[in-house]
Amino acid sequence: MNNLFLTTRGVVFLLLFIILSFHTCKIVSSQPLLPQLERMLIQYGVAAAPQDQTLCQATTYFLCNDNDGDGVSHITHVLFTNNINYASVGEPDPNMRSLYLPQLIVLQISLNSLMVANISMNIFELIKDLNTLTTLSFYSDPTIAIVPPNFTFPLLGTITLENCPNLSNLPPTFLNNSQSLFLMFIFTPIRSMTIDHTYYLPALSSFSIDLDGRDGSHFINITSHSFPKLTIAHCGGKVENNPGQCNLNIGYPEKILYLTVTGPLSSVSPYPITSLAYPILERIVLRYMGLSSFPLVGTYPPKLQHLNLGYNNLGSISSIPSSLTLLILEGNQFISIDSTLISGHPGLDLLNMAYNPDFTGPITDIYCAHILNVVGTSVSSLPDCYWCYKNVSGGYYIVTSLPEPVNFFCDRINIVTNNGQYVLTGQNIGWGSSKSNYTLTKVVPNKVLNATFINPPLIPTNVTLEMSSYIGAPKTQITLFEGGITIGKLYLQSSNTSLQANLSIYVTINPNLVHTVQFDNQNCSNLYDVVVKRFECKITGIQTGVHIVTVSNDYYTRSKNFEFDAPYPKIYSISPLPAQVGTFVQIQGYYGPLLGMAVSFYKDNGQTSVPSCNQNLLLRPSPSIISCYLMTALTNETVDVVVADTDGTYSGSFLVSLEYICQQSTDNCHGNGQCNTTGQCVCNSNGYYNDCSKPYPIISSGSYDVNNTKLVSLYGDFGPYGQSNLSIKINNTLDCTVNLKSQTLITCDLEKTPNYGLSSVQLQLDSLDANVKNILYLRRPSNGGNNGTTTTASSTTTTTTSTSGGTTPDTPQQQCEKQTSHCYGHGICNVNGICQCDKDYNQADNCFTKFINTTITPNTTSPTVSFDIDGIDFQFEVVSIQELDFDSNIVKELFISNYTWIVNASTNNITTIVDYQLNTTLSSIPLTNSSTDINSILFQSVKVLSTISFSTQSRDIQFGDQQLHINANSIKLSVNVTNWQYSSNLATLRVVFRTIIINNQTVEYDCNEKEIDPLSYDSLSSLQYLRVIKDDIQFNGRFIDVALSDGRPTYSQTQLISLTQSTSNEDESIALIGINLPQCQSCVLDPDFSPLLIEKQSECDSKSNTWRIIVGVVVGGVGAIAIATASLVYYKKIQLSKTTNKQMKMKLEKFSTS
């Protein structure tokens, strides 16, 4: 037999009687149901259930699912519901002891009668091992008589037991420790139930139980230990035969939302009900308890909405809680109720006074705001508001046994219209209704209703209103038309020469009514355009400020404010601030054609005039600037500055607040915070000081001690607060123990010797972090040139020579001779493998190129290195300065082209020095009048200096801890960036340069062409050389990996940012090169450049006469520099013959030794 898998999952009122032994069976086509399942259907008389493979299709009784994806249908729900009518079809197997339904989640049994085939077969016994159940529900099941021991289900969420007559006792183990149970409804009178300190239902939120009184009273303790999440508690004592007594003790009433206690002599604690004990209580039901005094005292629970005190012995009520919407007092001993309690509570929707036999009322019009039940009372008359709605079917507003008065007529209504929304007022107008073309919503029942009409007519029209949504509701006739006003867009077209304007007012109105228009409470001659629904109004003398437009008719008035900004005068800024008496400030703005101007100062919100400017020193240095010699300080008080023409017709104002002074004096908190209203900087984080200008901690450079590499020195800004709670790691792994600390220097000791190469530093102090990449560089010691490699511009590799005695490596000298073709005929290789060049040949190129004399003309507008030699040009220019975040994203960028340079040149006929200073205070990009870019303001304090120098003699220049040799006729370029305002302590700088490189460039030697990569990198992936080849001129340059950070040498990586194909020349590409710097206040780059000549060899038969030249750009540790060099054509021709002869001689020597 195939296996049948039956899953479990379910909700509400579930009962499963499907028995499948301890094997699972797959439901297969044309196979009958298992005998166990058939017998369970017999037990409950479910004759209509299918008996074949269609079991899972009968959703009336079963739900199945293939949750495991194995092609097997599993029963998850058994639903014997809809009041199953028992049909006797035999007897079930009496030996059945349990159900095997391993995936059942919902079990629901609801019987129409108390009949089953075998009443002794307890369903609780059969299901006690089904651990996947989430919902159990039983109605009128006579088999439930005893609860088995340990009757607990780990996933059960809801259980309902209703009208199960043979269940009388619930043991202490009943569902105890059910972790998921949140709803428990026991609507079967229980004679015995024990809840003690061992009972624990951690998720239960709603608990309801009915008790039978035959075995005495019951004490139920609701404690936070047993029921930590309970918010709804219902304990009902049986009222009829054998009344039950429930004594409910609530240990944490502050969590209870709904509370129900019923039954004679039942009680609840804490009692009475107060807002202190039950602060969030919303519903109270205390019925059949024999209460003789009102159970609420003092301040009532503020959220109480429903109060049901039916069938007690109450005769009076002191007050009605203001939040109450439902009050049930039926079955008590009331004779009357204070009318002031009723009239003062229009929010009470329902009042039930039924079965108070001596209650006479009287019921007057003040009751009309409430739905009322007075059945079984001595009330003898009702107001008309109730008789109007007595015969409404489908809803009720009055429940009474009184007969309707003879010839009763329902008088109702007065109407006040209100622009699409209408207010209906009158008497007996009901509780509201809704129809297709209108809605009536109650405000005060029977007196005030809000009416909303769809498309109300524009001419008076009769309309029938039905005062209730139910059949038989009263109707009334009204006359309705639209009279409302809606003011839409306002357009003000001002004159360019005077303060006159034309105001267009777009409206939605009833065109059948006469309307008037006012501007600032003065009548405006208006023209109404029916087609576009627009009023036109001519205005003269309008001033800057807020104005009001009013449109009205005989019924309604509508107003709308708008703000007018006069074309002039306008004040955009006042600087510099703060400013003392006797100093000048500039009031910048737009003053139009006005010539004579007056400046006034006001304090106290414009109420007090104070001295402003010395009128004898009131200057106009430009049409947009007024220069004011202050007679009142603009420092720590709010001052309103007003500029007007001499007769006061035109004026504009500007508020100099403490916040504005702070913005001016701190450059908007240096871009790292905001000024508050008291003039103080509030920084974006606590990692700043000095008005948010100084982020910290900052590591600007670091170094290892020369004699002890375990000793690390870190330089930077570590804050002015004592450097507390300081810890340091190298590469996130090595701890560094601090031995000295100050605001600018920290030294620490490593546990072990660090590795060669680059290292990052992780520093924490004052709960702030600094993480700086590649700030430490431990270089390998020099090997003296004895390791078989050369330290020239060209890379060398170790080679070997095979002999009969084995393989021996070449000496450094042999390697040099092979790789450089004997230094290209212009020098010799020494024993260390380094070319020793003839006079004027360049050792950096292994003697391949030759220094030449050339005339260099400096750029007089910008520090761009540019050369033009017989039409051969080369340029290398600075483009921008970027601030990068920790992930190398651009935070802000200063574009050099937005500013101009201040240039100063000097020479002594040997060395020429040209100094450039970027004028960051004056941008070539105009700022808007309404606002300025915060970065543009911050850039004004940045100093960018550049120096180009060149000499006819060679020079040795000290740069940090290195000495750089600069050849004659070479150019050295330095760039210095000072006082950059950083956004965070993790930010760094990058100086960006632009140049043009040649694609697929080659050089020729010994009749062979060799491709030359224009970019080459060192072992740390830092750009080391840039080469550009044009004819027989080579521009040589180098990018060294050192920069100066606040005067100290630090590692600096040069990188290719982008390479873009030129749109004007397919053989060229545009390269953007960036030099990275740590966070420093003074950052220096210092490269040098040399013009070189490549001498042309004798012509080769298979080769072209065309020579190509390499341009190498060498950037000293401080910057990216472009150098161009010119070749002298005349000089090349003279040297051609000598070079050819020498090269031929070297070839012959090479052949003779091979």
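Everything below is about the structure printed above this text.
One structure accompanies this document, and this report is about it. (Residues numbered from 1 in each chain as written. Predicted model: local features only at pLDDT ≥ 70, side-chain atom pairs only at ≥ 80, totals over all residues. Heavy atoms only, no water.)

## Notes on the packing of aromatic side chains
- Scanning all chains against the criterion turns up 28 aromatic pairs.
- Note on Phe481 and Tyr555: the rings are 5.6 Å apart at their centroids and 80° apart in plane angle, and the pair reads as edge-to-face. One end of the pair, Phe481, is in the loop between strand S27 (475–480) and strand S28 (486–494); the other, Tyr555, is in the loop between strand S34 (545–552) and strand S35 (557–564), and 74 residues separate them in sequence.
- Take Phe481: its relative accessible area is 18%, and that puts it in the buried class.
- Here Tyr555 falls in the partly exposed class, since its relative accessible area comes to 47%.
- Seen in terms of ring centroids, Tyr824 and Phe848 are 4.8 Å apart; in terms of plane orientation they differ by 65°. Their pairing is edge-to-face. Within this pair, whereas Tyr824 is found in helix H7 (residues 812–824), its partner Phe848 is found in the loop between strand S58 (835–837) and strand S59 (850–851), the two being separated by 24 residues in sequence.
- Among the aromatic residues, ring-to-ring pairing joins Phe124, Phe138, Phe151, Phe153 and Phe174 into one connected group. (Phe/Tyr/Trp six-rings, centres within 6.5 Å; stacked < 30°, edge-to-face > 60°. Helix = DSSP H or I, 4+ residues; strand = E, 2+ residues; numbered from the N terminus. Buried < 20%, exposed > 50% of the residue type's maximum accessible area, 1.4 Å probe, protein only.)

## Thoughts on the sheet that holds strand S48 (residues 698–704)
- Spatial ordering of the open sheet is given by S48-S49-S52-S51-S50-S53-S54, a layout of 7 strands whose pairing is antiparallel. Each end of this open sheet is capped by a strand with a single partner; those strands are S48 and strand S54 (768–778). Neighbouring strand axes in the sheet, compared pairwise and without regard to direction, differ in orientation by 30° on average.
- Sheet analysis places strand S51 (residues 734–741) next to strand S52 (residues 745–750), joined by 5 bridges and oriented antiparallel. Residue pairing for S52: Thr737 is matched across the bridge by Asp749. (Pairing = 2+ DSSP bridges. Axes fitted to C-alpha atoms, helices over the stretch in contact; angles between N-to-C directions.)

## Digging into H7
- For H7, spanning 13 residues, the distance from its first C-alpha to its last is 17 Å, which sits close to the expected 18 Å at 1.5 Å a residue.
- At Lys818, H7 shows its maximal bend, which comes to roughly 80°.
- Buried within H7 we find Pro812, Gln815, Cys816, Thr820, Cys823 and Tyr824. (Expected span 1.5 Å × (residues − 1). Bend = angle between axes of the 7 residues up to and from the residue.)

## Comments concerning a nonpolar patch on the surface
- Taken together, the side chains of Phe584, Leu617 and Leu619 make up a nonpolar region of the molecular surface, amounting to roughly 240 Å² of accessible area.
- In this fold, Leu619 is placed in strand S40 (residues 619–622).
- For Leu619, a relative accessible area of 43% puts it in the partly exposed group. (Patch = residues over 30% accessible without salt bridge, like charges linked within 9 Å, V, L, I, M, F, W, Y side chains within 5 Å. Areas by Shrake-Rupley, 256 points an atom, 1.4 Å probe, with all protein chains shown as cover. Salt bridge = Lys/Arg side-chain N within 4 Å of Asp/Glu carboxyl O.)

## Looking at the sheet that holds strand S38 (residues 597–603)
- On the basis of which strands lie adjacent, the open sheet formed by 4 strands has the order S39-S38-S42-S43 and antiparallel pairing. Among the strands making up the open sheet, the edge pair consists of strand S39 (608–610) and strand S43 (651–656). Between one strand axis and the next, the sheet turns by 30° as a mean value, whatever way the strands run.
- As paired elements, strand S42 (residues 639–645) and S43 share 6 bridges and run antiparallel to each other. Considered in S43, the bridge of Val639 is made with Val656.

## Remarks on unusual backbone geometry
- In this model, Leu577 is joined to Pro578 through a cis peptide bond whose omega is -5°.
- The peptide bond linking Tyr696 to Pro697 adopts the cis configuration, its omega dihedral lying at -5°.
- With respect to the element layout, Pro697 can be found in the loop between strand S47 (694–695) and S48.
- Of note, Asp766 is a non-glycine position whose phi angle comes to about 50°, a positive value.
- Relative to the assigned elements, Asp766 resides in the loop between strand S53 (757–765) and S54.
- Backbone geometry at Asp1046 places phi at a positive 55°, although glycine is not the residue there.
- Along the polypeptide, Asp1046 turns up in the loop between strand S76 (1042–1045) and strand S77 (1048–1051).

## Remarks on the pattern of salt bridges
- By the definition in use, this model includes 12 salt bridges.
- With its nearest N and O atoms 2.7 Å apart, the salt bridge here joins Lys603 to Glu637. On the criterion of sequence distance, the pair formed by Lys603 in strand S38 and Glu637 in the loop between strand S41 (625–629) and S42 is long-range, its members being 34 residues apart.
- Between Asp810 and Lys818 there is a salt bridge, with the nearest N and O atoms lying 3.0 Å from each other.
- For Lys818, a relative accessible area of 54% puts it in the exposed group.

## Topic: the state of the cysteines
- With the rule as written, the count across this model stands at 11 disulfides.
- One disulfide in the model links Cys662 with Cys675; its S-S distance is 2.1 Å. Between Cys662 and Cys675, the S-S torsion sits near -75°, and that sign places the bridge as left-handed. Of this pair, Cys662 sits in helix H5 (residues 658–665) while Cys675 sits in strand S44 (residues 673–675); the two residues are 13 residues apart in sequence, bridging distant segments of the chain. Assigned by exposure class, Cys662 and Cys675 land together as buried.
- Each disulfide pairs two cysteine sulfurs, and for Cys683 the partner residue is Cys692, the sulfurs being separated by 2.1 Å. Residues Cys683 and Cys692 are joined by a disulfide whose S-S torsion is about -100°; by sign, that bridge is left-handed. (Disulfide = S-S within 2.5 Å.)

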